[in-house]
Number of protein chains: 2
Amino acid sequence: MSKIRVVIAGFGNVGRGVRLSLEKQPDMELCGIISRGVERVKKEVRDLPVLPISDAAAWSAQLRPDVVILCGGSKADLPKQGPEICRYANTVDSFDNHSEIPQYFEKLNSAATAAGHVSIMSTGWDPGIFSLERVLAGAFMPGSRAYGFYGLGPSGGLSMGHSDALRTIEGVLDARQYTHAIPEAIERVRRGENPDFSPGDMHTRECFVVLAPGADPAEVTRKIVGMPGYFAPYDTTIHFVTQSELNDHCKGFPHDGLVVASGRTSEGNATLAEYRCVWGSNPEATANVLVAHARAAARLAAEKKRGAFTILDIPATYFSPLSRAELLQHWM
Amino acid sequence: MSKIRVVIAGFGNVGRGVRLSLEKQPDMELCGIISRGVERVKKEVRDLPVLPISDAAAWSAQLRPDVVILCGGSKADLPKQGPEICRYANTVDSFDNHSEIPQYFEKLNSAATAAGHVSIMSTGWDPGIFSLERVLAGAFMPGSRAYGFYGLGPSGGLSMGHSDALRTIEGVLDARQYTHAIPEAIERVRRGENPDFSPGDMHTRECFVVLAPGADPAEVTRKIVGMPGYFAPYDTTIHFVTQSELNDHCKGFPHDGLVVASGRTSEGNATLAEYRCVWGSNPEATANVLVAHARAAARLAAEKKRGAFTILDIPATYFSPLSRAELLQHWM
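The following refers to the structure shown.

Cut-offs and rules
Residues numbered from 1 in each chain as written. Chains lettered and ligands numbered in written order. Predicted model: local features only at pLDDT ≥ 70, side-chain atom pairs only at ≥ 80, totals over all residues. Heavy atoms only, no water. Least-squares fit on C-alpha atoms with pLDDT ≥ 70 in both. Contact = heavy atoms within 4.5 Å. Helix = DSSP H or I, 4+ residues; strand = E, 2+ residues; numbered from the N terminus. Phe/Tyr/Trp six-rings, centres within 6.5 Å; stacked < 30°, edge-to-face > 60°. Buried < 20%, exposed > 50% of the residue type's maximum accessible area, 1.4 Å probe, protein only. Pairing = 2+ DSSP bridges. Axes fitted to C-alpha atoms, helices over the stretch in contact; angles between N-to-C directions. Buried area = accessible area lost by both parts, 1.4 Å probe. Salt bridge = Lys/Arg side-chain N within 4 Å of Asp/Glu carboxyl O. Polar contact = N/O pair within 3.5 Å; in protein donor to acceptor, adjacent residues only side chain to side chain. Nonpolar A, V, L, I, M, F, W, Y, C, P; charged D, E, K, R; others polar.

Aligned on chain A, chain B shows an RMSD of 0.0 Å; the corresponding rotation is 180° and the shift along the axis is 0.0 Å. Both chain copies can therefore be described as sitting about a two-fold axis. Mapped onto chain A, 100% of the interface residues of chain B are again interface residues, and the two copies thus contact each other with one and the same surface.

In structure tokens form, the structure reads like this:
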């Protein structure tokens, strides 16, 4: 059987993770990379074609992808790239702006349906695996309520979005933000209280900040803790560090999270379901989930399906390289 | 929209749990019960038709089920009932004899396909939710290996199969068996060792036994700890108790379990995924999972699907009563 031909669109940390993951897949092959920065990528990747993402006629003819995995960001890249690239191939992306998912779905669904392609959107671990676990908990434990917590380990979870937000503040040269779950909040959910939380009840935020020369720490602190949405609703701790301290202390992209749901099947019989994941590298984790969805996209396309899909629309067998016989015999 | 018409086949603890669960479902209604012991069930259920399971012509005409939920046992009931009842309606069952799943699938698939019905088999929490979590972990964390542990809480998990096995021993009047996970084994998996366990490395067994008058405890102990498959491979503790002590101490049907899988996305970047569930009542938990699958069976049938299915074949949306718009907006 011929392998699923995959192209990576965008070669940052997630794109690199997709490349690593594809090496482990028995039924898929990486055929090339498309990028806005062809020259930059070519310095790093010498054994594969690297083509400009803007020249769809060229890359689609030369690389003939079954699936393009979009590894760009949700803010600027994906809302534009998803509906464009699905005209040429099936796509998979990790669009993670929760509040805009319905609108993005509509736009992508129209474009992919018109093109006769499959576009799986918003996958990774949240949205993605966590979405699936929330829906399963709701379906299998009627009346339960699912909560998501992030950063349960001692160092917390690195939030790229909040780190970026810190770096937009005047006087901040570099920064990392770690999210911490509040253990007492998790225990309240586990006890079945199904509490009404405000965001600050569930998580705290820890910032490591390198000041620009001459910046006033009190002024920077004031700006951080007052930042609407990002920090104002949270108990926020700030450590001012040197660039080399930041580099030493804040290595890699660790993250972890928990979906927890509690309910009862009858008076006196409580239920609890928890899904927990811990990722040494958040972008590599996202990459592996994207790759499993690329397999699903190819299979859905082979069945002449078209339009936009999420993880909620796809049976587990579609993600797995294993045969039906093997799954029935060893995995049920 | 008309509600999904459900019939319960077999009214034991799981059947009672299905009835409770159906009361919470906005889109389903219980239309009747079919049973081998109609008179027994009628004493407990006065507000619903109760018909003999053997008279398929009568119950199928009178109850007109969209789905029959089979609540019998895997040993004697389901292998016979599944292929028979699927001739008259879509079915859902919790067949849990792991080693016979491939053969049962073949038999059920042939019968359901010929009849033009959908038969979802082997659902519940294991096989069922745990099967799904094993396959997802394998797909999303290539190279990981998933392990199942049971009875993590201090009292362990009640195993009906092992309790039944104890009661077959001469000199045993009544008994309950609790399974305990070995914490060190879980920690080895969490650390990413991916160890090769024998069954006794993962679990211990704790038995509460009421002796028959005149029975010799030493002789009963010898028979229990030597029982192949059930107890011989395990570190087994036996408590001899009175019937009233057993009744007091061993209330209800609590159970819990953990699927844990560990791997790495690249050198130095470890991953861990865990699914844990805790059920105050094991049969009620199974019942709720069966009911969500009955919804899926009705939807698959409405799409003119036919044949046998497992949880691995079904998208999460099919289990949920929520609309697509609601799922996209609030659950992704």
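Our next topic: unusual backbone geometry. All names here are of chain A. Residue Pro127 follows Asp126 across a cis peptide bond; omega there is 0°. A positive phi angle, near 45°, is found at Asn194, a position not held by glycine. Looking at the element boundaries, Asn194 is found in the loop between helix 8 (183-190) and helix 9 (199-202).

Turning next to the packing of aromatic side chains. Taken as a whole and judged by the stated rule, the model has 20 aromatic pairs over all chains. Summarising the aromatic geometry, the rings of Phe130(A) and Tyr275(A) are spaced 6.0 Å apart at their centres and angled 85° between planes, so their arrangement reads as edge-to-face. Residue Phe130(A) is located in helix 6 (residues 129-140), and its partner Tyr275(A) is located in strand 13 (residues 269-279); the two are separated by 145 residues in the primary sequence. Neither Phe130(A) nor Tyr275(A) differs from the other in exposure class; each is buried. Both rings, one in Trp125(B) and one in Tyr150(B), keep their centres 6.2 Å apart while their planes meet at 45°; by these two values the pair is tilted. Of the two residues, Trp125(B) is situated in the loop between strand 6 (118-120) and helix 6 (129-140) and Tyr150(B) in strand 7 (residues 145-150); the sequence distance between them amounts to 25 residues.

Before going further, it helps to spend a moment on the sheet that holds strand 10 (residues 203-211) of chain B. Note on sheets: strands pair through backbone hydrogen bonds, and any given pair is parallel or antiparallel. Residues and elements named next belong to chain B. Taken together, four strands build an open sheet; the order of strands is 8-9-10-11 and the sheet is mixed. The sheet terminates laterally at strand 8 (157-158) and strand 11 (236-240), the two strands that pair on one side only. The sheet contact formed by strand 10 and strand 11 spans five bridges and is parallel. When the bridges of strand 11 are listed, Glu206 appears paired with Thr237. Sitting on the sheet, helix 10 (residues 217-225) touches strand 9 (172-181), strand 10 and strand 11, and the angle it makes with strand 11 is about 150°.

A few words on the environment of Leu258(B). Residues and elements named next belong to chain B. Mapped onto the secondary structure, Leu258 falls in strand 12 (residues 255-266). When its relative accessible area of 0% is taken as the criterion, Leu258 is described as buried. Residues Leu258 and Cys277, 19 residues apart in the sequence, show an inter-C-alpha distance of 6.6 Å. Non-local contacts of Leu258, meaning those with residues more than four positions away in its chain, are made with Phe130, Tyr147, Gly148, Phe149, Leu152, Ile186, Arg190, Glu274, Tyr275 and Arg276.

What follows deals with the interface of chain B and chain A. The partner chain A presents 62 residues to the 62 residues of chain B that form the contact. The junction of chain B with chain A conceals about 5,300 Å² of combined surface from both sides, 65% of it contributed by carbon and sulfur atoms. Sorting the residues of chain B by area buried against chain A places Phe140(B), Trp331(B) and Met332(B) first, and these three jointly supply 17% of that buried surface. Where chain B touches chain A, the interface holds two salt bridges. At the junction of chain B with chain A, the criterion picks out 28 residue pairs in polar contact (both at pLDDT 80 or more). Breaking the side of chain B that touches chain A down by element, the ones donating at least two residues are helix 1 (13-22), helix 5 (101-115), helix 6, strand 12, strand 13 (269-279), helix 12 (282-302) and helix 13 (324-331) of chain B. Looking at the side of chain B that touches chain A, the element that brings in the most residues is strand 13 of chain B, giving 11 residues. Here the residues of the side of chain B that touches chain A are counted per class, giving 33 nonpolar, 19 polar and 10 charged. For strand 13 of chain A and strand 13 of chain B, the ladder comprises nine bridges, and the chain directions are antiparallel.

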